[in-house]
Amino acid sequence: MINLLLFPIILPFLFAIILLFFKENIRAQRLLTVIGLLISLVAALYLVATVKADGVQAITLGSWPAPFGISMVSDMLSALLVTTTILITLFVVIYSFNAIGEERERHFYYPAILFMITGINGAFTTGDIFNMFVFFEVLLIASYLLIVLGGEKRQLRESIKYILVNVISSALFVITVAYLYSVVGTLNMADISVKIAEIGQPGIITVIAVLFLLVFGVKGSLFPLYFWLPGSYSAPPIPVLTLFGALLTKVGIYAIIRTYTLFFVHDTGFTHGLLSALALLTIVAGCIGALAYFDLKQIIIYNIVIAVGVILFGAAQMNEAGISGAVFYLIHDMLIKGALFLLIGIIIYVTGTSNLRKMGGLMKTHAPLGWMYLIAAFGLAGIPPLSGFVGKLLIVKGAFEAGDVFGSIIILASSLVVLLSVIRIFVYAFWGDPTIVELPKTNRRTFRKMMMPAVALVILSVLFGVGTEWLVPYMTDATDVLLQPSIYIDAVLKE
Amino acid sequence: MEFLMAIVVGILFMAAVYLILSRSLLKVILGTGLLSHGAHLLILTMGGLGGAAPPVLTEGVTDFADPLPQALILTAIVISFGVTAFILVLAYRTYAEHQTDNMNLMKGNDEHD
Amino acid sequence: MKTNDVILQTTTKLVFFIIFLFSIHIFFAGHYTPGGGFVGGLLTTGAIVLLLLAFDLKTVQKALPFNFTIVTGIGLLLALGTAAGSIFFNVPFFTHAFDDFTLPLFGTTSLHTAMIFDAGVYLVVVGAAVTMIQTIGGDA
């Protein structure tokens, strides 16, 4: 089974194609989507076990020899991210049954999600820099469809901006790849790493490193390139927002981590210093946004920006604690953002508004929602033993080891701001007098059905925090490959 | 030849930036089209212009063109073709819905739609 | 005002088939020379667009009663199926097989699994492009 690492990419693609034949049959669409995701999940879990047992898996498409064909590489980081992606999508799809509405389901909603998963998993798995561009486009085109699906006035306006920003950043991606190709003459990521090590890191490579930071910074919403994110993400309905918030920015982060640990490791003083400074500025900007708004969606959306900063700050330290902290926090953030977005989706469903000032007293009427939200909020802020704690602890430890005291203080302070911003939602929405606010009539059964996937994600994230001990071997594997590019290179260029 | 191509790419980018910064949505889309054309030309130039030499490498052949940039461009062109088609349809729908193609009039957030 | 488009319609009836046959030729020519599924598909789409210009949307839909979304789906399945065939032989994805066969009428011909993949590309391009044009054209 040398093709195993491709299964999480091929299977969603296959099911997306099959769904095209059942445009009008919503029940068949739902069923096939869930079946497809379940099979993909099994394949992904099996892949994680294989990578754990046999080390990095690599394959070169079309039986070409390694640096010439397109390589696909699955190391522990890729395998874990692929698994998390499929897991979150599964819950979001189940949530969508009650939240998205039949009109959208009939217009290629599920195929679009599956195509997007194909692109995301492909981007996580690919070992070829141009192929990464292609998979980025696959996921972006699917996301264009998802963001505009429904065609509300506001959606159309915001998606135009989203698409324009991404089209321009894609052109920049092509330009950057062209520069890189002219310098090193190869596109295989392992081979690029070897070639850059051979020529040292002359100035032009540093320029390319910064260009990559710009390209992926737009996708991953790094300061000051995050400007498009709050507006665009608030337009689509909650399930789509959840997928975007939990997954899309993470692909950009993954790409930054991959290129900055594999290619540009010879002049870390400048490149990683820049990355770390930008990450800190991202955190500050995100904190300001998270405190400034009285809109549920906007507060959590700005929390995405903060998390991006925290993860990249950890990755920029380039030591064991920092990187493994970043990996921990990356996966934690995918899970917890998924959970939080689903939960605020339920809050918006119950209250009929996303404005905090118009809510109150939900604790009396919807107690389980309140408790689940509180757990997720604590998890996001990183209160032990919940999932955010370990990642942040390791990142701060890494920063202290690297001598960046100032950065560590900002990370710790940002935790407080994060806690404040999400607890503010709790205080406004759940406390207070329930009689002042009149709730719209909602279906109790729909509420319970919507709660199920959200609760499942919260439980998963709690388990991720409590079961840290059990996950450490996997995380160590992921960190080792990032810190020692030779493992990755040997696996790809073994023949 | 490379020098000339660099200038052409520069002019394309210049025109693209000018169009993207304009107010009319249609001009912005034309600008993104020019931008991707410039990027494609840049790949071709960066791969080294092989002239009329064939893209094959067998023993004894010293003069050959690099086939990879052409494959990359073909992929990138197909992608930008698809995206441009999509964005044009979207712009048309947006125009029908908003009755304007002026980007300045498409600002807005939750408070004032 | 009713326009008189007898010339356009009569020519189109003829030219459509010429373009269509040429697109098939280009598709097969892609095996060794410039051409292939993408260009062939675009040519076919061009032929269909010509039909749409000469006649109207309803007539064309009656003449070509395909659901072009389904055409896209079939094309994708063909392409993915060809690429995924390699999984069953436990060789890397996208590995292709080819050989020379002696066929009646054609003589010795080189057959290639990549051609099935290209047929998939052809269908995807026709399906997607015609869907796009029908969507925009149906709106006005």
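Predicted model, so just to flag it, every value in this text is computed and none were measured. (Residues numbered from 1 in each chain as written. Chains lettered and ligands numbered in written order. Predicted model: local features only at pLDDT ≥ 70, side-chain atom pairs only at ≥ 80, totals over all residues. Heavy atoms only, no water.)

J.: Which parts of the structure should I look at to understand the nonpolar core?
T.: Proteins that are soluble and globular tend to have nonpolar side chains buried together. Counting residues in hydrophobic clusters, the biggest one holds 232 residues, and the most contacted among them are Tyr162, Tyr233, Phe244 and Tyr373 of chain A. Looking at this core element by element, the count peaks at 20 residues for helix α14 (residues 320-351) of chain A. Apart from residues no more than four positions distant in its own chain, Tyr162 of chain A is found in contact with Leu140, Ser143, Tyr144, Ile147, Trp228, Ser232, Tyr233, Phe244 and Leu248 of chain A. Ranked by size, the runner-up nonpolar core spans 14 residues in total, among them Phe27, Phe68, Tyr122 and Val126 of chain C. (Core = buried A, V, L, I, M, F, W, Y, C linked by side-chain atoms within 4.5 Å. Buried < 20%, exposed > 50% of the residue type's maximum accessible area, 1.4 Å probe, protein only. Helix = DSSP H or I, 4+ residues; strand = E, 2+ residues; numbered from the N terminus. Contact = heavy atoms within 4.5 Å.)

J.: How should helix α18 (residues 405-430) of chain A be read in this particular structure?
T.: Residues spaced three or four apart along an α-helix face the same direction, because each turn holds 3.6 residues. For α18 of chain A, with 26 residues, the first-to-last C-alpha span of 37 Å sits near the 38 Å given by 1.5 Å per residue. Once α18 of chain A finishes, Gly432 of chain A follows within two positions and takes phi at roughly 95 degrees, a positive value. (Expected span 1.5 Å × (residues − 1).)

J.: Please explain the packing of aromatic side chains as it appears in this structure.
T.: How two aromatic rings sit relative to each other is given by the distance of their centres and the angle of their planes. Residues and elements named next belong to chain A. Within the structure shown, the criterion is met by 37 aromatic pairs over all chains. Consider the rings of Phe136 and Phe173, whose centres lie 5.6 Å apart with planes at 80 degrees: the pair is edge-to-face. With Phe136 in helix α6 (residues 129-148) and Phe173 in helix α7 (residues 153-184), this pair connects stretches of sequence that are 37 residues apart. Just as Phe136 is buried, Phe173 falls in that class too. Judged by centre distance (5.5 Å) and plane angle (15 degrees), the ring pair of Phe212 and Phe216 falls under stacked. (Phe/Tyr/Trp six-rings, centres within 6.5 Å; stacked < 30°, edge-to-face > 60°.)

J.: Could you clarify how one ought to interpret unusual backbone geometry in this entry?
T.: Across residues other than glycine, the phi torsion is negative in most instances, and most of the peptide bonds are trans. Residues and elements named next belong to chain A. Across the junction of Phe223 and Pro224, the peptide omega takes the value -5 degrees, indicating a cis bond. Among the structural elements, Pro224 can be located in the loop between α9 (203-220) and α10 (229-233). Going from Pro384 to Pro385, the amide bond is cis rather than trans, its omega being 5 degrees. Along the polypeptide, Pro385 turns up in the loop between α16 (367-381) and α17 (387-401). With phi around 65 degrees, Phe108 is a residue other than glycine that occupies positive phi space. Mapped onto the elements, Phe108 comes out in the loop between α4 (102-106) and α5 (109-125). The backbone of Ser221 sits at a positive phi, close to 55 degrees, despite the residue not being glycine.

J.: Help me understand the pattern of salt bridges, please; the structure alone is not making it clear to me.
T.: All names here are of chain A. Applying the stated rule across the entire model yields twelve salt bridges over all chains. Note that Glu158 and Arg157 form a salt bridge whose closest N and O atoms lie 3.2 Å from each other. The class for Arg157 is buried, based on a relative accessible area of 4%. Connected through shared salt-bridge partners, Lys23, Glu24, Glu102 and Arg106 make up one network. (Salt bridge = Lys/Arg side-chain N within 4 Å of Asp/Glu carboxyl O.)

J.: Just to check I follow, could you spell out the interface of chain C and chain B for this structure?
T.: Accessible area lost upon the coming together of the parts serves often as the stated size of an interface. In this complex, chain C contributes five residues to the contact, which on the side of chain B involves five residues. Taken over both partners, the interface formed by chain C and chain B buries close to 510 Å², and the fraction arising from carbon and sulfur atoms is 86%. Where chain C meets chain B, there are zero salt bridges. Remark: the boundary between chain C and chain B carries zero residue pairs in polar contact (both at pLDDT 80 or more). Elements represented by at least two residues in the side of chain C that touches chain B include exactly α2 (37-54) and α5 (113-139) of chain C. Per-element accounting of the side of chain C that touches chain B gives the leading share, three residues, to α5 of chain C. Along the lines of polarity and charge, the residues of the side of chain C that touches chain B split into four nonpolar, no polar and one charged. (Buried area = accessible area lost by both parts, 1.4 Å probe. Polar contact = N/O pair within 3.5 Å; in protein donor to acceptor, adjacent residues only side chain to side chain. Nonpolar A, V, L, I, M, F, W, Y, C, P; charged D, E, K, R; others polar.)

J.: Can you walk me through a positive patch on the surface in this structure?
T.: A cluster of basic side chains, namely Arg444, Arg445, Arg448 and Lys449 of chain A, defines a positive patch on the protein surface. Here Lys449 of chain A is to be found in helix α19 (residues 444-466). (Patch = residues over 30% accessible without salt bridge, like charges linked within 9 Å, V, L, I, M, F, W, Y side chains within 5 Å. Areas by Shrake-Rupley, 256 points an atom, 1.4 Å probe, with all protein chains shown as cover. Lys, Arg positive; Asp, Glu negative; His and termini not counted. Charge placed at Lys NZ, Arg CZ, Asp CG, Glu CD.)

J.: What is the right way to read the side chain of Asn121 of chain A from this model?
T.: Residues and elements named next belong to chain A. Structurally, Asn121 is set in helix α5. The exposure class assigned to Asn121 is buried, which follows from its relative accessible area of 0%. Apart from the residues lying within four places of it in its own chain, the contact partners of Asn121 are Pro8, Ile9, Val82, Thr85 and Ile86.

J.: Where do I start with the side chain of Asp128 of chain A in this structure?
T.: All names here are of chain A. Along the chain, the position of Asp128 falls in the loop between α5 and α6. Lys195 provides the closest opposite charge to the buried, unpaired Asp128, separated from it by 12 Å. Not counting chain neighbours up to four residues away, the residues in contact with Asp128 comprise Gly69, Ile70, Ser71, Leu187, Asn188 and Met189.

J.: Could you clarify how one ought to interpret the confidence of the model for chain C in this entry?
T.: Should pLDDT be low for a region, the predicted coordinates there are not to be read in detail. All names here are of chain C. Residues at a pLDDT of 70 or more form 97% of chain C, whose mean pLDDT is 85. When pLDDT is averaged over each element of chain C, helix α1 (residues 6-29) comes out on top at 91 and strand β2 (residues 107-112) at the bottom at 78. On the interface metric, ipTM, the complex scores 0.91, and its pTM is 0.92. (pLDDT = per-residue confidence, 0-100.)

J.: Help me understand the interface of chain A and chain B, please; the structure alone is not making it clear to me.
T.: Across the contact, 30 residues belong to chain A and 34 residues belong to chain B. Across the interface of chain A and chain B, roughly 3,000 Å² is buried in total on both sides, 79% from carbon and sulfur atoms. If you sort the residues of chain A by the area they bury against chain B, Arg157, Ile160 and Tyr181 of chain A come out on top, with a joint share of 21%. Our count for the contact surface shared by chain A and chain B stands at zero salt bridges. Joining chain A to chain B, the criterion identifies one residue pair in polar contact (both at pLDDT 80 or more).

J.: Can you help me understand the packing of α1 of chain C against α2 of chain C in this one?
T.: If you want to describe how two helices pack, look at the angle between their axes and the distance between the axes. Residue and element names in this part refer to chain C. At their nearest, the axes of α1 and α2 sit 8 Å apart, and the two run at 170 degrees to each other. It follows that α1 is roughly antiparallel to α2 by the angle criterion. Two secondary-structure elements touch here, α1 through Leu8, Gln9, Thr12, Val15, Phe16, Ile19, Phe20, Phe22, Ser23, Ile26 and Phe27 and α2 through Gly37, Val39, Gly40, Leu43, Thr44, Ala47, Ile48, Leu50, Leu51, Leu53 and Ala54. Split into classes, the residues belonging to the contact of α1 with α2 amount to 16 nonpolar, six polar and no charged. (Axes fitted to C-alpha atoms, helices over the stretch in contact; angles between N-to-C directions. Parallel < 35°, antiparallel > 145°, perpendicular 65-115°, else oblique.)

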